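Residues per chain, in single letters:
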Amino acid sequence: MSLPNSYAIRIHETGGPEVLKVEAAAPRAPGPGEVLVRQTAVGVNFIDTYHRTGLYKMPLPFVPGSEGAGIIEDVGEGVEHVGPGDRVAYTGRGTYATHYTGPAAGVVPLPAGISDDEGAAILLKGMTAWMLLEEIRPLQKGETALIWAPVGGVGSLLTPWAKHLGARVIAVTSSAAKAERAKALGADEIVVGYDDVAKRVRELTGGKGVDVVYDSVGRISAEASLASLRPRGWFITYGNASGAAEPIPPGRLAAGGSLVMTRPTLFNFTDTPASLARASKRLFSLVEKGVLNADIGQRFALKDAAEAHRALESGTTTGATLLVP
């Protein structure tokens, strides 16, 4: 197909990957407090599929996407921390496009040592890992964490970051190949397959259970996560790769030993310029030290966003997925 010079991927109705449509879209000039960016890389995240299917409601029509990187072309009134020509990464709404216009408050400059691709691949997922490990309930040295999907977009950052903090990591993944990759990322023990997970975790912990669970799988994993926790352990559920988890009555938390459950959203932890700067600074410092790697597993042309969604939902991707305008 012949593509216009500037275009966006737009959704007019919720559904499968086929609802992602390529449409001409002229760049919008930035208003006060906004920036206009020519995008060089766009991050793909599971939340994009939730928006596409309607699991998370969005006003129609809309352009999906929550993160990207590129070169600033123009800034609106009042924007001072970045300017034209700067390389930046950002979180925001509507990044599946050749150009992005949005709030400057969500934009951070990219350090010289981090490429545009790395910035787009790691910012949202990396700050999610920061939130999970260091903000909600700081993971302590010597604790044991159970991480589901350890080689996915967030999981591939959670695993080495948790090891860097001094935790023991038990990972749950779906195949022997992914288990090898989880081991390379720093996991201490691997549970392969989703059958009898809690029983196997108990065996690995001498019957005690783990201190905290990071669960991005959802419907098929929630009960196993709860059953893997020690008394007063934390169940942090942050994704729905298998579908939304069934409602959990408060009594189930009591029965597990006064468990704590939370369902966080990153934007509640990066809702001010100061918190965003703190999160990105911590993330980029770990990348520059070699603790974390952007781990770009696959790239797709922006026009092929539907193929990227199919790959993501099939469970065949590893690490981060990028769209390239």
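Remember, it's a predicted structure, so these values are computed and weren't measured experimentally.

A. Representation of helix α5 (residues 197-204). Taken together, the buried positions of α5 are occupied by Val197, Ala198 and Val201. Down the axis of α5, the buried set is contained in an arc of 95°. They therefore lie on one face. Residues of α5 that are exposed and angled more than 90 degrees away from the buried face: Lys199 and Glu203. The elements touched by buried residues of α5 are β8 (144-148), β9 (168-173), β10 (189-192), β11 (210-215) and α6 (222-227). Phi turns positive one or two residues past the end of α5, at Gly206, with a value near 65°.

B. Highlighting the side chain of His51. Looking at the secondary structure, you find His51 in helix α1 (residues 46-53). Taking the relative accessible area as the measure of exposure, His51 reaches 5% and is therefore buried.

C. Unusual backbone geometry, seen in detail. A cis geometry characterises the amide bond from Leu60 onward to Pro61, with omega recorded as -10°. Its place among the elements puts Pro61 in the loop between α1 and β4 (67-75). Although it is not a glycine, Ala149 adopts a positive phi angle of roughly 55°. Its place among the elements puts Ala149 in the loop between β8 and α3 (155-164). Its identity as a non-glycine residue notwithstanding, Asp295 has a phi of 50°, on the positive side.

D. Examining the nonpolar core more closely. Among the nonpolar cores identified, the biggest contains 49 residues, and Leu132, Leu139, Leu158, Trp161, Tyr214 and Leu283 are the most heavily contacted of them. If you list the elements that add at least two residues to this core, you get α2 (116-136), β8, α3, β9, α4 (176-185), β11, α8 (273-288) and β15 (320-324). When residues of this core are assigned to their parent elements, the largest contribution, 12 residues, is made by α2. With sequence-adjacent residues up to four places away left out, Leu139 is seen in contact with Leu133, Ala145, Ala162, Leu165, Ala167, Val212 and Tyr214. Core analysis: the next-biggest nonpolar cluster, separate from the first, contains 18 residues, Ile11, Leu20, Val42 and Phe62 among them.

E. Examining the pattern of salt bridges more closely. Scanning the model with the defined rule gives 17 salt bridges in all. We note a salt bridge from Arg52 to Glu313, for which the minimum N-O separation is 3.0 Å. On the criterion of sequence distance, the pair formed by Arg52 in helix α1 and Glu313 in helix α9 (residues 305-314) is long-range, its members being 261 residues apart. The class of Arg52 is buried, set by a relative accessible area of 2%. By relative accessible area, which is 38% here, Glu313 ends up partly exposed.

F. Summary view of the packing of α1 against α9. With their axes 10 Å apart at the nearest point, α1 and α9 run at an angle of 110° to one another. Of the possible angle classes, the one that applies to α1 and α9 is roughly perpendicular. In contact with Phe46, Asp48, Thr49, Arg52 and Thr53 of α1, α9 contributes His309, Leu312 and Glu313. Residues of the contact of α1 with α9, tallied by class, amount to two nonpolar, three polar and three charged.

G. Spotlight on the packing of aromatic side chains. One pass over the full model with this rule turns up four aromatic pairs. Here the aromatic rings of Tyr50 and Tyr56 are separated by 5.1 Å at their centres, their planes lie at 65°, and the arrangement is edge-to-face. Residue Tyr50 is classed as buried on the basis of its relative accessible area, which comes to 7%. Both rings, one in Trp148 and one in Tyr194, keep their centres 5.6 Å apart while their planes meet at 55°; by these two values the pair is tilted. Of this pair, Trp148 sits in strand β8 while Tyr194 sits in the loop between β10 and α5, and the two are 46 residues apart along the sequence. Looking at Trp148, the relative accessible area reads 0%, which means it is buried. Judged by relative accessible area, which is 33%, Tyr194 ranks as partly exposed. By way of ring pairs, the aromatic residues Phe46, Tyr50 and Tyr56 are connected into one cluster.

H. Expanded view of the sheet that holds strand β13 (residues 260-262). What the six strands build is an open sheet, ordered β10-β9-β8-β11-β12-β13; its pairing is parallel. Each edge of the sheet is formed by a strand with only one pairing partner; in this case those strands are β10 and β13. Taken pair by pair, the neighbouring strands of this sheet meet at an average axis angle of 15°, ignoring direction. The pairing of β11 with strand β12 (residues 229-237) spans five bridges and is classified as parallel. When the sheet's bridge partners are listed, Val212 is paired in β12 with Trp234.

Calculation notes
As a convention, each chain's residues are numbered from 1 in the sequence order in which they are written. Confidence filtering applies because this is a predicted model: local features only for residues at pLDDT of at least 70, side-chain atom pairs given and counted only at 80 or more, and all residues used for totals across whole chains, interfaces and linings. Side-chain measures were taken over the full set of non-hydrogen atoms in the model, leaving aside hydrogen atoms and water. Only protein chains enter the accessibility calculation, which uses a 1.4 Å probe. A residue is then buried if its area is under 20% of the maximum for its type, exposed if over 50%, and partly exposed in between. The helix count covers DSSP runs of H or I at least four residues long, the strand count covers runs of E at least two residues long, and both are numbered beginning at the N terminus. Each direction from the helix axis to a C-beta atom contributes to the arc, which is the arc of those directions. Residue contacts follow a heavy-atom distance rule, with two residues in contact if any of their heavy atoms lie within 4.5 Å. Nine residue types can take part in a nonpolar core, namely buried Ala, Val, Leu, Ile, Met, Phe, Trp, Tyr and Cys, and a core is a set of them joined through side-chain atoms within 4.5 Å. Salt bridge criterion: a side-chain nitrogen from Lys or Arg within 4 Å of a carboxyl oxygen from Asp or Glu. The convention used is that axes are lines fitted to C-alpha atoms, helices contributing only their stretch in contact, and that angles between N-to-C directions extend from 0 to 180 degrees. Note on terminology: angles under 35 degrees are roughly parallel, angles over 145 are roughly antiparallel, angles of 65 to 115 are roughly perpendicular, and the others are oblique. Polar here means any residue outside two lists: the nonpolar Ala, Val, Leu, Ile, Met, Phe, Trp, Tyr, Cys and Pro, and the charged Asp, Glu, Lys and Arg; Gly therefore counts as polar. Aromatic rings from Phe, Tyr and Trp, taking only the six-membered ring of Trp, are treated as a pair when their centres fall within 6.5 Å; an angle between ring planes under 30 degrees marks them as stacked, one over 60 as edge-to-face, and anything in between as tilted. Each pair of strands is called paired provided DSSP finds at least two bridges between the two strands.

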